[in-house]
Every structure is written in C-alpha cells, then in structure tokens.
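Examination of the molecular architecture
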Amino acid sequence: METKKIVLLSISSDIAFEVANDLLKKKFKIIGTYKTSSNKVSKLKKDGVKLFKLDLSNKKNIDLVAKKINYFTKKNWDYFISFAGQLNPIGKIIGTNSNNWERSIYVNSLGQLRLLSKILKRNAKRRVLFFSGSGTNGPKNNYSAYTLSKILLIKFVELLDSEEKKIIAGILGPGFIKTKIHKKKIKNSKNEINKIKKIVNFIYWFFSQPKNIVGGRNFSLKSDKLESKRIIKLLKNNKDNFKLRRYGNNISL
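These lines cover the structure that appears in this document, whether it is placed above or below. Here the structure is a predicted model, which means the values were calculated and not measured. (Residues numbered from 1 in each chain as written. Predicted model: local features only at pLDDT ≥ 70, side-chain atom pairs only at ≥ 80, totals over all residues. Heavy atoms only, no water.)

Some words on the overall build of the protein
In terms of helices and strands, the protein carries eight helices and seven strands. Computed over its C-alpha atoms, the radius of gyration of the protein comes to 18 Å, within 12% of the 18 Å expected for a compact globule of 253 residues. Out of the 253 residues belonging to the protein, those deemed buried represent 47%. Intrachain contacts of the protein at a sequence separation of at least 6 include 67% that bridge at least 24 residues. Within the structure as shown, the protein displays about 14,500 Å² of accessible surface, and the carbon and sulfur contribution to it stands at 52%. Averaging the locations of the 55 positively and 17 negatively charged side chains of the protein gives two centres separated by 2 Å. (Helix = DSSP H or I, 4+ residues; strand = E, 2+ residues; numbered from the N terminus. Rg over C-alpha atoms; globule rule 2.2 N^0.38 Å. Buried < 20%, exposed > 50% of the residue type's maximum accessible area, 1.4 Å probe, protein only. Contact = heavy atoms within 4.5 Å. Areas by Shrake-Rupley, 256 points an atom, 1.4 Å probe, with all protein chains shown as cover. Lys, Arg positive; Asp, Glu negative; His and termini not counted. Charge placed at Lys NZ, Arg CZ, Asp CG, Glu CD.)

This is the structure we're talking about:
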C-alpha cells in the first residue's frame, strides 16, 4: 500500500498535535509547519515528521517554506489540513489597532491560502481541509478579524472545490475546545479529549467521502451527525446544504 503524504499547517497546536499522533499510527508521511519550538515539536521530529518553521505573517517566509515543501514532496502529496489560527486582536472594530487587525486576517486566512496555492498542482487529486470558527450564523462581537477570516475560508473552499475538479476542499467548525488559542489553562478533561477524538474521526470521514458529498461544504462538529445515513441523503440531494448562502431569498414580498 502506498504511503499517503499529508501537509499539516500549525502542527504544534493542541488539536493538530493529537491529530498528527493518530496519523503517525496509521503510517501517514507527515510534513508539518510550526511557529515556535516546543516539546511537541521535538517529539514530532523524533517520530519522523518533516518540519518547517513558518511565520504566516511574513510573505517571504511563506514563499520560502512553500518552496521547501515542494522540493521535499516534489509537489506530490495527498492531503492538506490547516490548523492555524489566532483570536487576537480582541475588541470592538472601532478602536482596534488597524495594523493588528489586518495582520490577524492575514495570519488567519490569506497567509494560509498563499502557502496552499504555491504547493498545489493542477490536475492532481488533493483533499484540502480548513477549520472555521464562530460567527457564521450571526455576529460574534469583539472577534471581527478572526470571524471575517473564517468566513473568507468558508467561501474559499467552495470556490476551490468548484474550480478544480480533482480537488476536494472542505471546512470544519470544531466548536469551542480549550486550547492554547484561548489563553486559558489547558485541562485534558474527558470532554475535551472526546471532542478531539471526534475531530480525528471527522477527518477520516472527510477523506473517505466523494466530492459531491463533502466538496465545498462547511461542517459542524457539534451539529452534524456523520454516522447518520440521513446526512448523506441531505448532502447528495441539495448542493447548497452546508454552504454560505443568503437567507430569505424564497420569501415573497
């Protein structure tokens, strides 16, 4: 059986680290990026993960890392998952430092897309997965840069999936999980561990499903019962389900 190659952005994040460990057990060849050195990074290196240091706010660094990934993989990889994200700056739109606000949007979306675009190859089968956040169905006050970045990613996966027939792109809303991004003390509670297990299960489910079922869609870990046969029917019968759409078009005025 051919070894599958997977690129993981921000592999040292709490969720990505657990996902990477599960992928290693299944003999995936992992290429990962990280921002700062840590015990997790050291462990992943020991386990044979190919790692590149990446600053998603720096265009030159993004281009350099993309070049290194292309050289290492010869542009032949199977899966891409981005776990990158930061909540800051937190605060009202009016009064927030504009430079920090713009930088957050770049790190949370545009920088990730810049790297992805440079490692993709036309007419090659690929699976691409991002993570969305709160604010899709209503305003999430004080998190405007983070929320807008995630909305951008939701639309991006639909566009990429539509334009490229051999690429299957999707995005997952994991719900609230206590991780480093929330700057709170991490407790490996049973609830948090179960949520991460659900994310791992979703990833394998996403990898296994055809384009017409998962392509271009925004999934919710909390709401979507993937084990139900009904969800497959819903997705198969309506290409607009789980996508960013204007609500109320069917209202007669």
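Focus on the pattern of salt bridges
Throughout the structure, instances matching the rule amount to 12 salt bridges. Linking Glu-158 and Arg-245 is a salt bridge whose minimum nitrogen-to-oxygen distance equals 2.8 Å. Highlighted residues: Glu-158 in helix α5 (residues 144-163) and Arg-245 in the segment after α8 (229-237), separated in sequence by 87 residues. Taking relative accessible area as the criterion, Glu-158 reaches 15% and is therefore assigned buried. Through salt bridges with shared partners, a single ionic network connects Lys-155, Glu-158, Lys-239, Asp-240 and Arg-245. (Salt bridge = Lys/Arg side-chain N within 4 Å of Asp/Glu carboxyl O.)

Considerations on the side chain of Asn-70
Turning to its location among the elements, Asn-70 is positioned in helix α3 (residues 59-73). Of the polar contacts made by the side chain of Asn-70, one reaches the backbone oxygen of Lys-118; its length is 2.9 Å. Discounting chain neighbours no more than four positions away, the residues touching Asn-70 are Lys-75, Lys-118 and Ile-119. (Polar contact = N/O pair within 3.5 Å; in protein donor to acceptor, adjacent residues only side chain to side chain.)

Describing the sheet that holds strand β7 (residues 218-220)
Reading across the sheet, the seven strands line up as β3-β2-β1-β4-β5-β6-β7 and stay open at both edges, with parallel pairing between neighbours. The sheet is open, and its two edges are formed by β3 (50-53) and β7, each paired on a single side. With strand direction ignored, the average angle separating the axes of adjacent strands in the sheet is 20°. Examined bridge by bridge, strand β1 (residues 5-9) and strand β4 (residues 79-82) share four bridges and lie parallel to one another. Each bridged residue has a counterpart across the sheet, and for Leu-8 the counterpart in β4 is Ile-81. Across the sheet, α3 touches β1, β2 (29-34) and β3, and the angle it forms with β3 is around 165°. Strands β5 (126-131), β6 (167-173) and β7 of the sheet are contacted by α5, whose axis makes an angle of about 155° with β6. (Pairing = 2+ DSSP bridges. Axes fitted to C-alpha atoms, helices over the stretch in contact; angles between N-to-C directions.)

Observations concerning the nonpolar core
Ile-6, Leu-8, Ile-30, Ile-81, Phe-83 and Phe-202 are the most contacted members of the largest nonpolar core, which has 40 residues in total. Ranked by the residues each element gives to this core, the list is headed by helix α6 (residues 190-208), at nine residues. Each residue touching Ile-81, except ones within four places of it in the same chain, is listed here: Ile-6, Val-7, Leu-8, Leu-9, Leu-129, Phe-131, Ile-203 and Phe-207. Grouped together as the second largest cluster of nonpolar side chains are 29 residues, Ile-62, Trp-77, Tyr-106 and Val-128 included. (Core = buried A, V, L, I, M, F, W, Y, C linked by side-chain atoms within 4.5 Å.)

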